[in-house]
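Residues per chain are reported as follows:
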Amino acid sequence: MNVLAIGAHGDDLELFCGGTLARYAQRGDHVTMCVVTDGRGRPKGDEAEIIAIRKAEAEASARVIGADSVMLGVPDGGLWFDPPTRHLFVELIRRTMPDVIITHPEHDYHPDHKTTSRLVMDAVQIARTANYPSEYAPHRKLVPVAFMEAECGIDFNPEDYVDVTPVWEQKLQMLEQHRSQLMPSIYDPNFVMPKREENGFYHYVYVLGGFRGLAANVKFAEGFRWWRAASRIVTYRVLP
Ligand SMILES: [Zn+2]
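Residues numbered from 1 in each chain as written. Predicted model: local features only at pLDDT ≥ 70, side-chain atom pairs only at ≥ 80, totals over all residues.

Let us now look at the overall build of the chain. Per the secondary structure count, the chain includes six helices and seven strands. Along the chain, helices (α) and strands (β) appear in the sequence β-α-β-α-β-α-β-α-β-β-α-α-β when read from the amino end. Taking the principal axes of the C-alpha coordinates as reference, the chain spans close to 55 × 45 × 35 Å. In the chain, which comprises 240 residues, the share counted as buried stands at 43%. For the chain, long-range pairs separated by at least 24 residues make up 77% of all intrachain contacts whose partners lie at least 6 apart in sequence. (Helix = DSSP H or I, 4+ residues; strand = E, 2+ residues; numbered from the N terminus. Buried ≥ 20, exposed ≤ 12 C-beta atoms within 10 Å, placed from the backbone. Contact = placed C-beta atoms within 7 Å.)

Rendered as C-alpha cells:
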C-alpha cells in the first residue's frame, strides 16, 4: 500500500510515527515522508543554507527506511489555512495516491501542527473531487486518516497501537539525521551529536515510546487515533 505521512517540521514524523513508518517499509509498503515547512523559521542564519540543511536531513532520514522525502517549502510559523496552501496538500495527495495518511492531531500545541492537521482533513476530501483544477487525476479512494501523537503526548489518548520494538534502532537512526535540531547554532562546525543517553531526542522517544508500550504490553509502541468522519472509516486494519 501507499503510505503518506505529513509532518509540520523536520523531526515530527520521526518522533511521533517513525517506528510505524519503518514497519510499513519493512513489510514492503511504499512510504512518502512529507515535511510541510522548510526549517527557516527557527535557527538564526542564512535562509537558503538552513533550508538546504533541513532538506538534506529529511532526505537522510527517509533513506534509513527507503522512503521518499518531500518538502512543501512553507516557512516555519508561516503556515496558513488558505487556498494556495490547501492546493499544495491536494496536489500532494493526488500525486502520491495514499491508502492511508498519518498526520498531527488537530489540537496539538504548535500552530504549524494544528494547521497541517486541518489542511490534511480538507485536502483529502477535495482530492476526490472530479472538477477540481489539478495537474493530477482525482484520488477517488476513501483514505483513512490517522493522527499521530500530540507533542509530549498531552491530551492524546491512543485508540490504536503499533509495536515499534523491532524497529527501535531504525527510529533512533532516523531521528539522529536531524542534527541541526539539536545544534545551538546551525553553523557550528564542531558540533558533535550528544550520546544517545544524553540527547533530548533519545529521552523524548524513550519515555513516550516506553509509556505507550506499557499500555500495549510491548517494550516500545507508537499510539494513534483515527479521524472519525464519513468516508474515512474502514473495517480492516490499516496500521502495520
Ligand atoms: Zn513540529
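Continuing now.
Next up on the list: the sheet that holds strand β6 (residues 160-163). The strand order across the open sheet built from seven strands is β3-β2-β1-β4-β5-β7-β6, with neighbouring strands paired in mixed fashion. Edge positions in the sheet fall to β3 (68-74) and β6, since each of these pairs with one other strand and no more. Each strand axis lies, on average, 25° off the axis of its neighbour in the sheet, ignoring direction. Two elements, strand β1 (residues 2-7) and strand β4 (residues 100-103), share three bridges in a ladder whose sense is parallel. Opposite Leu-4, over in β4, you have Ile-101 as the bridge partner. Seen against the sheet, helix α6 (residues 200-216) touches β6 and β7 (221-226) and runs at an angle of roughly 75° to β7. (Pairing = 2+ DSSP bridges. Axes fitted to C-alpha atoms, helices over the stretch in contact; angles between N-to-C directions.)

Within the fold, Ala-127 resides in the loop between α4 (111-126) and β5 (145-147). Separated by 19 residues in sequence, Ala-127 and Asp-108 place their C-alpha atoms 24 Å apart. Ala-127 has contacts with Val-90, Ile-93, Arg-94, Pro-138 and His-139, leaving out every residue within four places of it along the chain.

Here we come to unusual backbone geometry. Phi at Met-97 takes a positive value of approximately 45°, unusual for a residue other than glycine. For Met-97, the position within the fold is in the loop between α3 (83-96) and β4. The exposure class assigned to Met-97 is partly exposed, which follows from the 17 C-beta atoms found within 10 Å. Although it is not a glycine, Cys-152 sits at a positive phi angle of roughly 60°. By the secondary structure assignment, Cys-152 is in the loop between β5 and β6.

In this section: the packing of helix α1 (residues 12-26) against helix α5 (residues 168-175). Between α1 and α5, the shortest axis-to-axis distance is 9 Å and the interhelical angle comes to 135°. When the axes of α1 and α5 are compared, the pair comes out oblique. Between α1 and α5 lies a crossing of right-handed hand. Two secondary-structure elements touch here, α1 through Glu-14, Leu-15, Gly-18, Gly-19 and Ala-22 and α5 through Trp-168, Gln-170, Lys-171, Met-174 and Leu-175. Looking at side-chain class alone, the contact of α1 with α5 contains five nonpolar, three polar and two charged residues. (Parallel < 35°, antiparallel > 145°, perpendicular 65-115°, else oblique. Left-handed = near helix turned anticlockwise from the far one by under 90°. Nonpolar A, V, L, I, M, F, W, Y, C, P; charged D, E, K, R; others polar.)

Okay, the nonpolar core next. Ala-5, Leu-21, Val-31, Met-33 and Ile-65 are the most contacted members of the largest nonpolar core, which totals 52 residues. In terms of residue count, the dominant contributor to this core is α1 (eight residues). Apart from the residues within four sequence positions on either side, Leu-21 is in contact with Val-3, Ala-5, Leu-13, Val-31, Met-33, Ile-65 and Ala-67. (Core = buried A, V, L, I, M, F, W, Y, C linked by C-beta atoms within 7 Å.)

Below, the discussion takes up the pairing of β1. Most of β1 sits out of view: five of its six residues are buried. Across six bridges, the pairing between β1 and strand β2 (residues 30-37) is parallel. Within the sheet, the bridge partner assigned to Ala-5 lies in β2 and is Met-33. The parallel pair β1 and β2, bridged by α1, forms a crossover whose chirality is right-handed. (Right-handed = clockwise from strand over helix to strand, strands pointing away.)

For α3, spanning 14 residues, the distance from its first C-alpha to its last is 20 Å, which sits close to the expected 20 Å at 1.5 Å a residue. Turning to α3, its buried residues number three or more, namely Phe-89, Val-90, Leu-92, Ile-93, Arg-94 and Thr-96. Against β1, β2, β3 and α4 lie the buried residues of α3. Note on α3: the residue one or two positions beyond its end, Met-97, has a positive phi of about 45°. (Expected span 1.5 Å × (residues − 1).)

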